[in-house]
Amino acid sequence: MDIAEKVLEVMRAEGQPLNAGKIAELGTLDRKAVDKAMAKLKKEEKIVSPKRCYWTPA
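What this report covers is the structure whose coordinates are included nearby. (Residues numbered from 1 in each chain as written. Predicted model: local features only at pLDDT ≥ 70, side-chain atom pairs only at ≥ 80, totals over all residues. Heavy atoms only, no water.)

**Some thoughts on the nonpolar core**
And then number 1: Grouped together as the largest cluster of nonpolar side chains are 16 residues, with contacts concentrated most on Val 7, Met 11, Ile 23, Val 34, Met 38, Leu 41 and Ile 47.
And then number 2: When residues of this core are traced back to their parent elements, those giving at least two are α1 (3-14), α2 (20-26) and α3 (31-43).
And then number 3: Here the element with the most residues in this core is α1; it accounts for five residues. (Core = buried A, V, L, I, M, F, W, Y, C linked by side-chain atoms within 4.5 Å. Buried < 20%, exposed > 50% of the residue type's maximum accessible area, 1.4 Å probe, protein only. Helix = DSSP H or I, 4+ residues; strand = E, 2+ residues; numbered from the N terminus.)

The structure is reproduced here in structure tokens:
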């Protein structure tokens, strides 16, 4: 499982909008790796932002 899949898994499990820091904390992941994965997911339109700096799966 790559980091992007792990990020999506954490988002789905939590069920509410999360910021990158919280995703890194909940998934025990490196913050920089989470930022890169989220950039990839944004580009692929797999995550959306309901409010500034918080993200949910699309």
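Having put the structure on the table, let's press on.
**What about the pairing of strand β2 (residues 54-57)?**
And then number 1: Note that strand β1 (residues 47-51) and β2 share three bridges and pair antiparallel. If you follow Val 48 over to β2, its bridge partner there is Thr 56.
And then number 2: Where β1 folds back onto β2 in an antiparallel hairpin, the turn is made up of two residues, including Cys 53, whose phi is positive at roughly 70°. (Pairing = 2+ DSSP bridges.)

**Some thoughts on the pattern of salt bridges**
And then number 1: Counted by the stated rule, this structure contains four salt bridges.
And then number 2: The residue Glu 25 makes a salt bridge to Lys 22 at a minimum N-O spacing of 3.6 Å. In this pair, Glu 25 and Lys 22 are both assigned in helix α2, three residues apart and thus about one turn of the helix distant.
And then number 3: For Glu 25, a relative accessible area of 53% translates into the label exposed.
And then number 4: For Lys 46, the salt bridge is made with Glu 44, and the minimal N-O distance between the two is 3.5 Å. (Salt bridge = Lys/Arg side-chain N within 4 Å of Asp/Glu carboxyl O.)

**Concerning the packing of aromatic side chains**
And then number 1: Inspection of every chain in the model, using the stated rule, returns zero aromatic pairs.
And then number 2: Between Lys 51 and the ring centre of Tyr 54, over which it is positioned, the NZ or CZ distance is 4.7 Å. (Phe/Tyr/Trp six-rings, centres within 6.5 Å; stacked < 30°, edge-to-face > 60°. Lys NZ or Arg CZ within 6 Å of the ring centre and 35° of its normal.)

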